[in-house]
Amino acid sequence: MAQTVRPHEKLDLALIFLGPPGAGKGTQAKEVARLYGVPHLSTGDMLREHVAQGTSLGQRAQPIMARGELVPDSLVLKMIAERIERPDCSHGFVFDGFPRTVAQAQYLGVLLRQHGYKPPLVIHFVIDPQLLLRRITGRRVCKVGGEIYNIYDCPTRVEGHCDKDGGELEQRPDDREEIVGPRLLAYEKQTAPLVAYYRRLGRLHDVDASQGVDDVRQQILRSIREAH
Ligand code: AP5
């Protein structure tokens, strides 16, 4: 049966979308957060915003992100701790790209307990690795609203312009083919151990992320419903 979110349904959970670069986390996180009326907390988007604004955090993060490596835990954790203090986080949130190391996951566990949340529910994006290069190098993002497209799989109606607001599309600097290898390596070495970490806690649901966007969303909504 098709899964929908009814207006009265609350998330009241910390959701984590975990998976390799290009698996579709951002595409799904935006929509799931919208359906539940909770914030979408993408550490990648937050860091890119700091880079665009030229803050001191942005200046430290920019060369690291450009190489496809992970930004130090200390910088990311401070950013997250501040963000979930805000009142819009009182009925749950969707983490996209966080946590990315075991140290980040352990700190998050403490932070969630302090805020009265139970352990997070982790949606693990399982994907055929051969699809990742196409998804990453084909991605284009709207400069205005951040909408995500793909020149191969999710093209816009008018080439180079967002379907929602007509904004110009751009390619992320780290989506160039030569940066994809280091990003995937960082995932395997530093982030993939989180799969076993959360599986041990009994809070991990696998979804088949090689399927189409709507099908993946149905799997995620079903997992959330089962976890409640
Ligand atoms: P971040 O921005 O988090 O990037 P990422 O994890 O590498 O993930 P992506 O954004 O590349 O992919 P996605 O899974 O969101 O896929 P999307 O939905 O866009 O991080 C960037 C950098 O910031 C890191 O390298 C690091 O330096 C730093 N950073 C961030 N967080 C950090 C942290 N916690 N600690 C330390 N450093 C951190 O989809 C991809 C493409 O596929 C799109 O074109 C989309 O249209 C298409 N697509 C999506 N779903 C489907 C589908 N089902 N079928 C067909 N096409 C699809």
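Residues numbered from 1 in each chain as written. Predicted model: local features only at pLDDT ≥ 70, side-chain atom pairs only at ≥ 80, totals over all residues. Heavy atoms only, no water.

Participant: Hey, could you go over the overall build of the protein chain for me, with residue numbers and the actual values?
Facilitator: Looking only at helices and strands, the protein chain has nine helices and eight strands in total. By the compact-globule yardstick of 17 Å for 228 residues, the protein chain fits well, its C-alpha radius of gyration being 17 Å. Structurally, the protein chain occupies a C-alpha span of about 45 × 45 × 35 Å along its principal axes. Taken over 228 residues, the protein chain has a buried fraction of 47%. In the protein chain, the proportion of contacts linking residues at least 24 apart, taken out of those at least 6 apart, comes to 71%. Total accessible area computed for the protein chain in this model is approximately 11,700 Å², and 52% of it derives from carbon and sulfur atoms. (Helix = DSSP H or I, 4+ residues; strand = E, 2+ residues; numbered from the N terminus. Rg over C-alpha atoms; globule rule 2.2 N^0.38 Å. Buried < 20%, exposed > 50% of the residue type's maximum accessible area, 1.4 Å probe, protein only. Contact = heavy atoms within 4.5 Å. Areas by Shrake-Rupley, 256 points an atom, 1.4 Å probe, with all protein chains shown as cover.)

Participant: Tell me about the site of the ligand, and please be specific about residues and values.
Facilitator: Surrounding the ligand, one finds 34 residues, the nearest of these being T27, E69, R139, Y149 and R183. The contact in question runs from an oxygen atom of the ligand to an N or O atom on the backbone of A23, over 3.2 Å. T43 places a polar side-chain atom, nitrogen or oxygen, 2.8 Å from a nitrogen atom of the ligand. Coverage of the ligand by the protein chains reaches 96% of its 1,000 Å² of free accessible surface. Of all elements in the fold, only α1 (25-36), α2 (43-53) and β6 (148-150) reach the threshold of two or more residues within the shell around the ligand. Take the shell around the ligand: its biggest share by element is four residues, from α2. Residues that form the shell around the ligand fall into these classes: 13 nonpolar, eleven polar and ten charged. (Near = heavy atom within 4 Å. Polar contact = N/O pair within 3.5 Å; in protein donor to acceptor, adjacent residues only side chain to side chain. Nonpolar A, V, L, I, M, F, W, Y, C, P; charged D, E, K, R; others polar.)

Participant: An account of the side chain of R203 is needed here, citing residue identities and associated values.
Facilitator: For R203, the position within the fold is in the loop between α8 (193-200) and β8 (204-208). Notably, R203 is buried but unbridged: the nearest opposite-charge side chain belongs to E226, and the N-O separation is 10 Å. A distance of 3.1 Å separates the side chain of R203 from the backbone oxygen of P119, its partner in a polar contact. In this structure, R203 is in contact with L13, K118, P119, P120, L121, V122 and Y198, ignoring residues within four places of it in sequence. (Lys, Arg positive; Asp, Glu negative; His and termini not counted. Salt bridge = Lys/Arg side-chain N within 4 Å of Asp/Glu carboxyl O.)

Participant: Hey, could you go over unusual backbone geometry for me, with residue numbers and the actual values?
Facilitator: With an omega of -5°, the peptide bond between F98 and P99 qualifies as cis. Along the chain, P99 falls in the loop between β3 (93-96) and α5 (102-114). With a phi close to 50°, D12 is a non-glycine residue in the positive phi region. Relative to the elements of secondary structure, D12 occurs in the segment before β1 (14-18).

Participant: Tell me about the sheet that holds strand β4 (residues 121-126), and please be specific about residues and values.
Facilitator: Within the open sheet, the five strands sit side by side as β2-β3-β1-β4-β8. Their pairing is parallel. Each end of this open sheet is capped by a strand with a single partner; those strands are β2 (40-42) and β8. Between one strand axis and the next, the sheet turns through 25° on average, direction left out of account. Running over the sheet, α8 touches β1, β4 and β8 and is turned about 125° from β8. (Pairing = 2+ DSSP bridges. Axes fitted to C-alpha atoms, helices over the stretch in contact; angles between N-to-C directions.)

Participant: Hey, could you go over the sheet that holds strand β7 (residues 169-170) for me, with residue numbers and the actual values?
Facilitator: Strand order in the open sheet formed by three strands is β6-β5-β7, and the pairing between neighbours is antiparallel. The open sheet has two edge strands, β6 and β7, and neither has a second partner.

Participant: A description of the nonpolar core should follow, citing residues and the corresponding values.
Facilitator: Core analysis: the largest hydrophobic core is formed by 34 residues, its most contacted members being L18, V71, F93, F95 and Y198. Broken down by secondary-structure element, the contributors of at least two residues to this core are β1, α2, α3 (56-66), α4 (73-83), β3, α5 and α8. In terms of residues, this core owes the most to one element, α4, which gives six residues. When near neighbours in sequence (up to four residues on either side) are disregarded, Y198 contacts I16, P99, A105, L108, P120, V122, R203 and L204. In this structure, L13, L15, V216 and I224 belong to the second largest nonpolar core, which totals 24 residues. (Core = buried A, V, L, I, M, F, W, Y, C linked by side-chain atoms within 4.5 Å.)

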